[in-house]
Every structure is written in structure tokens, then in C-alpha cells.
Amino acid sequence: MSSAVTVVVTLFAVFMVLGVFGSMFLDGVHVLGIGDKSVCVTDTTETVGTDAEPHMGFRAAPGATMGLDASPNYCTDDPSTAQSLLNTATKVPDFVFTVGALLLVLRLIRGAEGDGLYTARTAERLRRVGWWLLAGSVLAAIAESVSEKALIGSLSRGGDASALSGLISWDAPYMAIFTGLGVLSFARIMRVGVTMREDLDGTV
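Residues numbered from 1 in each chain as written. Predicted model: local features only at pLDDT ≥ 70, side-chain atom pairs only at ≥ 80, totals over all residues. Heavy atoms only, no water.

Enquirer: Is there a simple way to think about the packing of aromatic side chains in this case?
Expert: Remark: the centre distance and the inter-plane angle together describe each pair of aromatic rings, the angle taken between the planes. The tally for this structure, following the rule as stated, stands at two aromatic pairs. When the ring of F97 is compared with that of W132, the centres are 6.4 Å apart and the planes differ by 5 degrees; the resulting orientation is stacked. On the criterion of sequence distance, the pair formed by F97 in helix α3 (residues 92-115) and W132 in helix α4 (residues 120-155) is long-range, its members being 35 residues apart. When the ring of Y174 is compared with that of F178, the centres are 6.4 Å apart and the planes differ by 25 degrees; the resulting orientation is stacked. Linking Y174 with F178, this pair stays in helix α6 (residues 174-203), spanning four residues, or about one helical turn. (Phe/Tyr/Trp six-rings, centres within 6.5 Å; stacked < 30°, edge-to-face > 60°. Helix = DSSP H or I, 4+ residues; strand = E, 2+ residues; numbered from the N terminus.)

So this is what it looks like as C-alpha cells:
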């Protein structure tokens, strides 16, 4: 398990470094939106038909274009620096959350190998994994929503999309939240079990 997680983390790091350098010097190579010459974003909170008329309030900002499918889609082939940064900011939170979770799991496994499974330190590492899954997933979802809404607001006109609206319309990552709660519960049980064993060993 430790070797598998180590390989995954290493591959993440290698592809990230190669991708960043490649996006600087090679056309068509983009990592986390870095080096994108065009920026597109879909406003999934708005649902329209393909026959929507301009008077419905969906309009692209100057320098951007809009397409209509199930939701309005805004694109620009000449993004400003702020738009490029916002485009990257919509992709970074999930990446940071995933890599952070892998690193914490790797630390948990290696710590359990060295200190033993039923120890206070292992229970504490497990608790940190649980909090990362719980709080980290929520913060990542909020950050992604805020960045996405700010980007939509910069590419559209006539709508109510803004960074502030992203604080309201973010999608809760229920699977990560429930998993985090489960891990925290197991860490608590483990901590109580360790304490009971220590008390028993002291009594004996």
C-alpha cells in the first residue's frame, strides 16, 4: 500500500513539473489551465434551451463568445491575465485536495509501519486524514465555485454571476464529507481503544 501511494504521488509530481515546463515552451501542452490560449466556462447553474433568445439575459462580454446548449457556455480566445488566473484557480483546488489526501495517507501508512497500528500517533494521523477529507473537500468545492463564478462574471453580461454568488451555489462534496466523518469516527474509536489498552497494560 505504501509503495502504491508513493508511486501515485511521484507520478503526480513528475507530470506536474513536466506539464508546467511544457506549457511554457510547447504549444498544446496545458496543465491546470496554465498556458491556455483560450478560456471556456459553462454556467451550470443556469438551464436554458438551444432556442433561447438574447433578451433572456444571457449575453457575452466584449471579446467573448457565447454558445447555448443545456446551459450557457462562454469562451474567449484572448483571455486577460485575470481570466487566465481564474481559469487556473478553477482547477487547482481539486488537485491540491487530491495530492494532500495522498500525502496524508502515505504518512499514515508509513507511520503505522514504524510505530505500530494501535498507537496514539497512528490514531492522530488517521484523525488528520479525516479532517482533510471533511474540511479540505468543502474548502476546495467553495474555492472552485468562487473562481468559476468570478470567471463567468468576467465573460458574461446581464447575469448575476460573481465571486460572491459562488459562496452560495457551490456543490457539496457529500461523498468526501461522509467519508471524512467515517474516518474521524474510526480514529476516535481507535484512540479510545489505545487508551484502554494502555490502562490495561498499566494494570497488568
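Enquirer: Hey, could you run me through the layout of surface pockets in this one?
Expert: A water-sized probe rolled over the atoms picks out the places where empty space is left. One number sums up the size of the largest pocket: a volume of about 260 Å³. Every residue lining the largest pocket is counted, 15 residues in all, and those nearest its centre are A141, E144, S145, W170 and D171. For the lining of the largest pocket, the secondary-structure elements that each account for two or more residues are α3 and α4. Per element, the largest residue contribution to the lining of the largest pocket is seven residues, and it comes from α4. (1 Å grid on protein atoms, 1.4 Å probe; cavity = no way out; pocket = protein on both sides within 12 Å on 5 of 7 lines; lining within 4 Å. Points joined across faces, edges and corners; volume = space filled by probe spheres on them.)

Enquirer: Sorry, what's going on with a nonpolar patch on the surface here?
Expert: Together, V7, L11 and F15 line one region of the surface with nonpolar side chains, adding up to about 310 Å² of accessible area. Locating L11 in the fold gives a position in helix α1 (residues 2-25). On the basis of relative accessible area, L11 is assigned to the partly exposed category, the value being 43%. (Patch = residues over 30% accessible without salt bridge, like charges linked within 9 Å, V, L, I, M, F, W, Y side chains within 5 Å. Areas by Shrake-Rupley, 256 points an atom, 1.4 Å probe, with all protein chains shown as cover. Salt bridge = Lys/Arg side-chain N within 4 Å of Asp/Glu carboxyl O. Buried < 20%, exposed > 50% of the residue type's maximum accessible area, 1.4 Å probe, protein only.)

Enquirer: When you look at the packing of helix α2 (residues 81-89) against α4 in this model, what are you seeing that I'm missing?
Expert: When two helices pack together, their arrangement is captured by the angle between the axes and the distance separating the axes. Running from N to C, α2 and α4 point in directions that differ by 150 degrees, and their axes come no closer than 8 Å. What the angle tells us is that α2 and α4 run roughly antiparallel. Of the two possible hands of crossing, α2 and α4 adopt the one that is left-handed. Mapping the contact onto sequence places Q83, L86, N87 and A89 in α2 and S147, A150, L151, S154 and L155 in α4. Each residue belonging to the contact of α2 with α4 can be placed in one class, and the counts come to five nonpolar, four polar and no charged. (Axes fitted to C-alpha atoms, helices over the stretch in contact; angles between N-to-C directions. Parallel < 35°, antiparallel > 145°, perpendicular 65-115°, else oblique. Left-handed = near helix turned anticlockwise from the far one by under 90°. Contact = heavy atoms within 4.5 Å. Nonpolar A, V, L, I, M, F, W, Y, C, P; charged D, E, K, R; others polar.)

Enquirer: In this structure, what is going on with the state of the cysteines? I would like to understand it.
Expert: Covalent bonding between the sulfur atoms of two cysteines defines a disulfide. A full pass over the atoms with the stated rule returns one disulfide. Residue C40 pairs covalently with C75 via a disulfide, S to S 2.0 Å. In this structure the cystine formed by C40 and C75 twists about its S-S bond by roughly 120 degrees; its chirality is therefore right-handed. With C40 in strand β1 (residues 39-42) and C75 in strand β4 (residues 72-76), this pair connects stretches of sequence that are 35 residues apart. Look at C75 and you get buried, because its relative accessible area is 15%. (Disulfide = S-S within 2.5 Å.)

Enquirer: Explain the side chain of T122 here, please?
Expert: With respect to the secondary-structure elements, T122 resides in helix α4. Contact partners of T122, with chain neighbours within four places excluded, come to L108, G111, A112, G116, L117 and M190.

Enquirer: Would you mind going over the confidence of the model for the protein chain with me for this structure?
Expert: Interpretation of the predicted coordinates at a detailed level should be avoided for regions scoring low in pLDDT. When the pLDDT values of the protein chain are averaged, the result is 82; 85% of them are 70 or greater. Mean pLDDT across the elements of the protein chain bottoms out in α1 (75) and peaks in α4 (92). (pLDDT = per-residue confidence, 0-100.)

Enquirer: How should the nonpolar core be read in this particular structure?
Expert: In a soluble, globular protein the nonpolar side chains are often hidden away together inside. One finds F97, A101, L108, A123, L126, V129, L133, A140, A176, V183, A187 and M190 forming the largest nonpolar core, which totals 12 residues. Those elements giving two or more residues to this core turn out to be α3, α4 and α6. In this structure, V39, V41, F58 and L151 belong to the second largest nonpolar core, which totals nine residues. (Core = buried A, V, L, I, M, F, W, Y, C linked by side-chain atoms within 4.5 Å.)

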